[in-house]
Amino acid sequence: MEPASDPSRFEIVERAVELRVDSKRLAELLANGAEFIAVWRGQNLFGQSGQGQPVLVPASKAQHLSTPIFLGLRSDGVALFAVNVADADTHDAALSAIGLDDGAAAFVQLREFKGTLSPQERSTLLYSRALLHWHDTQRFCSRCGSPTVATEGGHVMVCNNPECQHQFFPRSDPATIMLVHRPGFCLLGRQPSWPEDVYSTLAGFVEAGESAEQAVIREVKEESGIEIRNLRYFSSQPWPFPQSLMLGFFAEAVTTEIVIGSELADVRWFSVEETRSVLARLSARFPHLDTIARRLIRTWLEEQG
Ligand SMILES: [Zn+2]
């Protein structure tokens, strides 16, 4: 099989939500050159034994796999689907289930992939990962415990108990991520599991009944003891590890004395120069994932001139 070297083959220009309920049209798309993003045990498929670019599987090789999820349409009208090679017990079995040999391609965790990805490839891989993870965790009804069945192109799971029929939808857990700064310095922390010299922005989940802004203020205080003001929304990023939506903020520090919270191994103020090195190390760690943490730090550095 040809490795997909053209990033536009991963670009979904339209989610085509109206097609999810049109099973006749979905069947036609499947029969007419659709391509699949195959995932096995949460791992994505990359060419050249896992070193190359992500690979799409033609529908003819994947149509026997159950519950493909309709992702959307490319600019050439081809439909992309995500599918879980769930029944394969081994890596070799997973490859042969989609008509590939060991050596041509390999399933690799997205976070362990060492190459680079285009924004289109990254976005579509994260989208398919989010939906397949949700399918995995929503196999039973949380109201009555009966099995669920995928419907609407895989975007709704419905309880198969006729007396219940409760519907479930994909979910994202909101989380905040923030670059706290004062003139000439920014505040970065290190998680205990990270390498010694890797630091990044502070982050934390939004709790029930809490606004994103309240979560930013609380998390910064908990993790660093720093008080902040003038929150500025930056941007967001889906982060399906397993199912977060990261909401990025800048905030000005009002205090400077750090009290390291229980979740982090270290929190420090970094000068502009030190922050440039931090950013280089972060970029080297996951070169293919242009994380919102990196974009926050890069933007702050740009603003420092
Ligand atoms: Zn139910």
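Residues numbered from 1 in each chain as written. Predicted model: local features only at pLDDT ≥ 70, side-chain atom pairs only at ≥ 80, totals over all residues. Heavy atoms only, no water.

(A) Inspection of the pairing of strand β11 (residues 185-190) at higher detail. For β11, the tally of buried residues reaches five of six residues, placing the bulk of the element in the interior. Bridge count between strand β10 (residues 173-182) and β11: three bridges; the pairing is antiparallel. Its bridge partner lying in β11, Arg 182 is registered against Phe 185. Taking the residues that link successive antiparallel strands as the turn, the β10-β11 hairpin has two residues, and the phi of Gly 184 there is positive, at about 85 degrees. By the bridge criterion, six bridges tie β11 to strand β15 (residues 266-271) in an arrangement that is antiparallel. The partner of Leu 188 across the bridge, within β15, is Arg 268. (Buried < 20%, exposed > 50% of the residue type's maximum accessible area, 1.4 Å probe, protein only. Helix = DSSP H or I, 4+ residues; strand = E, 2+ residues; numbered from the N terminus. Pairing = 2+ DSSP bridges.)

(B) Layout of the packing of helix α6 (residues 272-285) against helix α7 (residues 292-303). One can describe the packing of α6 onto α7 by two numbers: an axis separation of 10 Å at closest approach and a directional angle of 150 degrees. Here α6 is positioned roughly antiparallel relative to α7, judged by the angle of their axes. For the element pair α6 and α7, the recorded crossing hand is left-handed. Every residue of α7 that contacts α6 at Val 272, Thr 275, Arg 276, Leu 279, Leu 282 and Ser 283 is listed here: Arg 294, Ile 297, Arg 298, Trp 300 and Leu 301. Taken together, the residues of the contact of α6 with α7 sort by class into six nonpolar, two polar and three charged. (Axes fitted to C-alpha atoms, helices over the stretch in contact; angles between N-to-C directions. Parallel < 35°, antiparallel > 145°, perpendicular 65-115°, else oblique. Left-handed = near helix turned anticlockwise from the far one by under 90°. Contact = heavy atoms within 4.5 Å. Nonpolar A, V, L, I, M, F, W, Y, C, P; charged D, E, K, R; others polar.)

(C) How the structure looks around the pairing of strand β1 (residues 35-40). Of all the six residues making up β1, six are buried; the element is thus mostly covered by neighbouring parts of the structure. Neither face of β1 is exposed, since Glu 35, Ile 37 and Val 39 on one face and Phe 36, Ala 38 and Trp 40 on the opposite face are all buried. Where β1 lies against strand β3 (residues 57-58), two bridges are found, and the strand directions are antiparallel. Counterpart to Phe 36 in the pairing with β3 is Val 57.

(D) Region of the structure containing the coordination of the zinc ion. Within the first shell, the zinc ion binds the protein through Cys 141 (SG), Cys 144 (SG), Cys 159 (SG) and Cys 164 (SG), at distances of 2.3 to 2.4 Å. Relative to the metal, the four donor atoms surrounding the zinc ion lie at angles of 97 to 117 degrees, and the coordination shape comes out tetrahedral. Mapped onto the sequence, the donors of the zinc ion take the spacing C-x2-C-x14-C-x4-C. In this pair, Cys 141 sits in the loop between α4 (119-137) and β7 (148-151) while Cys 164 sits in the loop between β8 (156-159) and β9 (167-168), placing the two residues 23 residues apart along the sequence. Take Cys 141: its relative accessible area is 4%, and that puts it in the buried class. (Donors = N, O, S within 2.8 Å, 3.2 Å for Na, K, Ca; no water. Tetrahedral: all angles 85-135°; square planar, octahedral: opposite > 155°, others 65-115°.)

(E) Expanded view of the domain arrangement of the chain. The assigned domain composition of the chain is domain 1 (7-137), domain 2 (139-170) and domain 3 (173-303). The C-alpha-based centres of domain 2 and domain 3 are spaced at 37 Å. (Domains from an automatic or database assignment.)

(F) Spotlight on the sheet that holds β8. The strand order across the open sheet formed by three strands is β7-β8-β9, and the pairing between neighbours is antiparallel. One side of each edge strand has no neighbouring strand; the edge strands of this open sheet are β7 and β9. Judged from the two bridges that link them, β8 and β9 form a sheet pairing that is antiparallel. Of the residues in β9, the one forming a bridge with Met 157 is Phe 168.

(G) Spatial organisation of the environment of Trp 269. Relative to the elements of secondary structure, Trp 269 occurs in strand β15. Sequence-wise, Trp 269 and Glu 257 are 12 residues apart; in three dimensions their C-alpha atoms are separated by 9.7 Å. Not counting chain neighbours up to four residues away, the residues in contact with Trp 269 comprise Val 180, His 181, Arg 182, Phe 185, Cys 186, Leu 187, Ile 226, Ala 253, Thr 255, Thr 256, Ile 258 and Glu 274. Separated by 2.9 Å, the side chain of Trp 269 and the backbone oxygen of Thr 256 make a polar contact. (Polar contact = N/O pair within 3.5 Å; in protein donor to acceptor, adjacent residues only side chain to side chain.)

(H) Quick peek at the side chain of Asp 266. With respect to the helices and strands, the residue Asp 266 is situated in strand β15. Here the side chain of Asp 266 touches Tyr 199 through a polar contact of 2.4 Å, side chain to side chain. The contacts of Asp 266, once residues within four sequence positions are left out, are Leu 188, Gly 189, Arg 190, Tyr 199 and Ile 260.

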